[in-house]
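Below are the chains, spelled out letter by letter.
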Amino acid sequence: RKEVEQDPGPFNVPEGATVAFNCTYSNSASQSFFWYRQDCRKEPKLLMSVYSSGNEDGRFTAQLNRASQYISLLIRDSKLSDSATYLCVAHAGNNRKLIWGLGTSLAVNP
Amino acid sequence: GAGVSQSPRYKVAKRGQDVALRCDPISGHVSLFWYQQALGQGPEFLTYFQNEAQLDKSGLPSDRFFAERPEGSVSTLKIQRTQQEDSAVYLCASTTGNNYGYTFGSGTRLTVV
């Protein structure tokens, strides 16, 4: 079992839809969590960090549930430009190593 | 430069050939990471430097893989006697020591034929 698991999708949604991605992690020592976005044949780029209190950045909301070891990303009013792979990432320990999920593929259709 | 620079962007190597991949991190970034990303997978950790010290190399898949960062800035990932299973995108990321704002380079796509 991978340390960070995501539904690979693909998620196909129309423009304007709300879509939610889920991610679970197995290492209870994980301390920090992130969502990265990766476009086809491009490098991953940080989308947002995830905090226990939840955080929102425009149309994007991230939530962390430590008790259930569960992370979510909500995208509201989805745009064509949101089409990408969304990678869930956990960080544990002092070595600053990131543990990545396989990514969830999103396609927003006109 | 403003970002993490990796070269070459693409590399085709014949099986058995040695390759060297370069990463030029953001100036002043203390920490540098190498990741390997196979097609359809998330990045997998290879190794981590803090300044010139290689603090973790647990992800290097075999002793054919070697990384160095002799002056605490530019890093080189060397793969000896390349095999087909080494074909992947090799990503370099750097960050300051105080936050988790990792910045990734564009990667080197290695194809071993």
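First, a word on what this report is: a plain description of the structure on this page. Position labels on residues start from 1 in each chain and follow its written sequence. Chains and ligands are labelled sequentially in the order written, the chains with letters from A and the ligands with numbers from 1. Predicted model: local features are reported for residues with pLDDT of at least 70 only, side-chain atom pairs are reported and counted for 80 or more only, and whole-chain, interface and lining totals are derived from all residues. Here the side-chain values reflect all heavy atoms present in the structure, with hydrogen atoms and water set aside.

**Brief notes about the pairing of strand β9 (residues 88-95) of chain B**
Along any regular strand the residues' side chains alternate between the sheet's two faces. All names here are of chain B. Among the eight residues of β9, eight are classified as buried, and the element is accordingly described as predominantly covered. Neither face of β9 is exposed, since A88, Y90, C92 and S94 on one face and V89, L91, A93 and T95 on the opposite face are all buried. As paired strands, β9 and strand β11 (residues 108-112) are joined by three bridges and run antiparallel to one another. Counterpart to A88 in the pairing with β11 is L110. As paired strands, β9 and strand β10 (residues 103-104) are joined by two bridges and run antiparallel to one another. Each residue of the ladder has a partner; that of S94, found in β10, is T103. When accessible area is computed with a 1.4 Å probe and restricted to protein chains, residues below 20% of their type maximum are described as buried, those above 50% as exposed, and intermediate ones as partly exposed. Helix and strand assignments come from DSSP, with helices taken as H or I runs of at least 4 residues and strands as E runs of at least 2, each series counted from the N terminus. A strand pair is defined by DSSP finding two or more bridges across the two strands.

**Here's the deal with the interface of chain A and chain B**
How big an interface is tends to be expressed through the accessible area that disappears when the partners come together. Contacts are assigned to residue pairs that have any heavy atoms within 4.5 Å of one another. At the junction of the two partners, chain A supplies 17 residues and chain B supplies 26 residues. A 1.4 Å probe defines the accessible area here, and the buried area is the portion of it lost by two parts on being joined, summed over both. With both sides pooled, the region where chain A packs onto chain B buries about 1,800 Å², and carbon together with sulfur makes up 49% of that total. Whenever a carboxyl oxygen of Asp or Glu lies within 4 Å of a side-chain nitrogen of Lys or Arg, that contact is scored as a salt bridge. Where chain A packs against chain B, one counts one salt bridge. Across the salt bridge formed by K2(A) and E44(B), the nearest N and O atoms sit 3.3 Å from each other. Looking at the side of chain A that touches chain B, the elements that each hand over two or more residues are β4 (30-38), β9 (84-92) and β10 (98-100) of chain A. Top element by residues in the side of chain A that touches chain B is β4(A). It accounts for four residues. Here the residues of the side of chain A that touches chain B sort into seven nonpolar, five polar and five charged. Each residue gets one of three labels, nonpolar for Ala, Val, Leu, Ile, Met, Phe, Trp, Tyr, Cys and Pro, charged for Asp, Glu, Lys and Arg, and polar for the others, Gly among them.

**Some points on the packing of aromatic side chains**
Within 6.5 Å between ring centres, the rings of Phe, Tyr and Trp (the latter by its six-membered ring) count as paired, and their orientation is classed by plane angle as stacked under 30 degrees, edge-to-face over 60, tilted in between. Summed over the entire model, instances satisfying the criterion amount to 13 aromatic pairs over all chains. A centroid spacing of 6.0 Å and a plane angle of 80° characterise the contact between W100(A) and Y35(B), whose relative ring orientation is edge-to-face. With one member in each of two chains, W100(A) in strand β10 and Y35(B) in strand β4 (residues 31-37) form a pair that bridges those chains. W100(A) gets classed as buried once you look at its relative accessible area, which sits at 3%. Pairing F33(B) with Y35(B) gives two aromatic rings, centres 6.2 Å apart and planes at 25°, and the pair type is stacked. Pair check on accessibility: F33(B) and Y35(B) agree, each one buried. Ring pairing ties together the aromatic residues F34(A), Y36(A), W100(A), F33(B), Y35(B), F45(B), Y48(B), Y102(B) and F104(B), which thus form one cluster.

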